[in-house]
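If you want the building blocks of each chain, they are given just below.
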Amino acid sequence: FGLGACGSSSESTEAATTEAEAASTEVEATTEAAESAAADLSGSKYLSDGELTVGLNATFPPFEYVGDGTDNFEAVTSNENNVTGFDVAMMNEIGKRLGVSVVIEDMDFDGIVPAIGTKIDCGATGMTITDERKEAVNFSDPYYDATQGVLLPIDSEVKTEDDLKACKAIGVQGGTTGETVARGINDGAVVSVKSFNQAVLDLVNGKDDAVVIDQVPGEAFLSQYSDKIQLVEGSTFNFDVEQYGIAMPKDDEVMLNAINGALADMKADGTYDQLLEQYVNSYEAE
C-alpha cells in the first residue's frame with residue numbers, strides 16, 4: 001500500500017507541474033500577444049502615446065448624451081461631462097482591445113471633423129460616411145445603418161415631401177446630413193442650430209414646423225415629448241439609407257487598421273450586439 005500511495009503522489013505532482021507549466025505558457029502567450037498589439041501601435045502617429053482622444057456631440061441619444069456618471073467605462077480616463085451612449089461604449093471597448101486609454105471630448109458637431117488630427121484623434125458621434133467628409137478624413141468600416149426621420153408637432157398634417165417643402169421653418173443641427181437633406185427639400189426654410197437638443201426644443205415651443213433628424217435619435221426625443229411631437233419615418237419622404245463610421249486622420253493607416261480590426265473582432269465575438277442591445281435597443285429617456 002505504501003508503494004502504491006507513493007506512486008500516486010508522484011503522478012499527481014507531475015500532473016500538477018504539467019498544469020502549472022501549461023498555465024504559465026498560456027499567461028506568457030497572452031502577455032506576448034498584448035505586447036505585440038501594443039507594438040503594432042508604435043507606428044501610429046496618434047496612438048503611440050497610449051491615448052485615444054474621441055470627439056463627439058452629446059445631444060444625440062442613444063448614441064451619445066449626458067448621463068449620470070454611473071457607467072463603468074474601464075478604458076475611459078477622462079469624461080468631464082459624463083457622456084454615455086453607444087458610441088462611448090463602443091470606443092471604450094475599442095480602447096480596451098488596443099490597450100490605450102480613452103479621452104472623451106464633448107464638442108460642437110460641426111467642429112469635430114476640423115479638429116481631427118489636431119485637438120482630437122478621431123470622431124465617433126453617429127457621423128454619416130459621405131464623399132465630402134472622406135476628402136478630409138479616413139472612415140472606419142461602417143458600424144451602423146441609419147435613415148433620417150422628421151419630427152413634427154403632434155397636430156401637424158405634414159405627410160408628403162411636398163408638405164415638407166411648404167414648411168416655413170425646418171430645424172436641423174448644423175453640419176449634419178440632416179441639414180443637407182433639409183436644404184435639398186427647402187433651403188430657404190432651414191434653421192441651423194448647434195445641437196439637436198435646441199432644434200427639438202424649438203419645435204416643441206412652436207418656433208419650427210419640423211426637425212430633420214436621424215430616425216433612432218428621433219425616437220429617443222419622441223419618448224421625451226410624446227404628448228407634443230410625432231415622428232414620421234424617412235421612407236415616407238424617400239430618404240436614403242446612411243452609414244455611420246468612426247472618422248480618423250488621413251495620415252495614420254496604422255490607426256485605421258487597428259480600429260477596424262477591433263471593430264471586426266467585436267462584431268465576430270458578439271460584443272457589438274451586446275452593446276447595441278444595451279445602449280440602443282433598450283434605451284429609455286432619463
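Refer to the structure presented above.
The structure displayed is predicted, hence computed values, not measured ones.

Chemist: Tell me about the packing of helix α2 (residues 86-98) against helix α9 (residues 253-268), and name the residues and values.
Modeler: Axis separation between α2 and α9 bottoms out at 10 Å; the angle between their running directions is 110°. Judged by the angle between their axes, α2 and α9 are roughly perpendicular. Only Ala258, Ile259, Ala262, Leu263, Asp265 and Met266 of α9 make contact with α2, whose side of the interface consists of Met90, Glu93, Ile94, Arg97 and Leu98. Looking at side-chain class alone, the contact of α2 with α9 contains eight nonpolar, no polar and three charged residues.

Chemist: Can you tell me about helix α8 (residues 215-224), naming the residues and giving the values?
Modeler: Gln215, Val216, Pro217, Gly218, Ala220 and Phe221 are the residues of α8 that are buried. Tucked inside the fold, the buried residues of α8 contact β2 (59-60), β9 (144-153), α7 (196-204), β12 (210-214), β13 (229-232) and α10 (271-281).

Chemist: So what's going on with the sheet that holds strand β5 (residues 83-84)? Which residues, and what values?
Modeler: Reading across from one edge, β2-β3-β5 is the order of the three strands in this open sheet, with antiparallel pairing throughout. Because the sheet does not close on itself, it has two edges, and the strands there are β2 and β5. Sheet topology note: the β2/strand β3 (residues 64-66) ladder contains two bridges and is antiparallel. Note on β3: the bridge partner recorded for Phe60 is Glu64.

Chemist: I'd like to hear about the pattern of salt bridges, residue by residue, with values.
Modeler: In total, this model carries 10 salt bridges according to the counting rule given. Between Lys96 and Glu93 there is a salt bridge, with the nearest N and O atoms lying 3.6 Å from each other. Of this pair, Lys96 and Glu93 are both found in helix α2, three residues apart, which corresponds to roughly one turn of the helix. Across the salt bridge formed by Asp269 and Arg97, the nearest N and O atoms sit 2.9 Å from each other. With a gap of 172 residues between them, Asp269 in the loop between α9 and α10 and Arg97 in helix α2 connect regions that are remote in the sequence. For Asp269, a relative accessible area of 44% gives the class partly exposed. Through salt bridges with shared partners, a single ionic network connects Glu74, Glu93, Lys96, Arg97 and Asp269.

Chemist: Before we move on, can you summarise the pairing of strand β6 (residues 101-106) with the specific residues and values?
Modeler: For strand β1 (residues 51-56) and β6, the ladder comprises six bridges, and the chain directions are parallel. The residue of β6 that forms the bridge with Gly55 is Glu105. Pairing between strand β4 (residues 76-78) and β6: two bridges, direction parallel. Paired with Ser78 across the strands is Val103, a residue of β6.

Chemist: So, the environment of Asp252: which residues are in play, and what are the values?
Modeler: Looking at the secondary structure, you find Asp252 in the loop between β15 (247-248) and α9. Looking at Asp252, the relative accessible area reads 2%, which means it is buried. Sequence-wise, Asp252 and Gly117 are 135 residues apart; in three dimensions their C-alpha atoms are separated by 9.4 Å. Not counting residues up to four positions away in its chain, the partners in contact with Asp252 are Ser44, Lys45, Tyr46 and Leu47. Only 2.9 Å separates the side chain of Asp252 from the backbone nitrogen of Lys45, close enough to count as a polar contact.

Chemist: Report on unusual backbone geometry, specifying residues and quantitative values.
Modeler: Apart from glycine, the bulk of residues carry a negative phi angle, and the bulk of peptide bonds sit in the trans form. Between Pro61 and the following residue, Pro62, the backbone shows a cis peptide bond with an omega angle of 5°. Here Pro62 shows up in the loop between β2 and β3. Of note, Asn82 is a non-glycine position whose phi angle comes to about 55°, a positive value. Structurally, Asn82 is set in the loop between β4 and β5. Look at Asn82 and you get partly exposed, because its relative accessible area is 35%. Positive phi values are uncommon outside glycine, yet Asn238 reaches one of about 65°. Topologically, Asn238 is positioned in the loop between β13 and β14 (241-244).

What counts and how
Residues numbered from 1 in each chain as written. Predicted model: local features only at pLDDT ≥ 70, side-chain atom pairs only at ≥ 80, totals over all residues. Heavy atoms only, no water. Axes fitted to C-alpha atoms, helices over the stretch in contact; angles between N-to-C directions. Helix = DSSP H or I, 4+ residues; strand = E, 2+ residues; numbered from the N terminus. Parallel < 35°, antiparallel > 145°, perpendicular 65-115°, else oblique. Contact = heavy atoms within 4.5 Å. Nonpolar A, V, L, I, M, F, W, Y, C, P; charged D, E, K, R; others polar. Buried < 20%, exposed > 50% of the residue type's maximum accessible area, 1.4 Å probe, protein only. Pairing = 2+ DSSP bridges. Salt bridge = Lys/Arg side-chain N within 4 Å of Asp/Glu carboxyl O. Polar contact = N/O pair within 3.5 Å; in protein donor to acceptor, adjacent residues only side chain to side chain.

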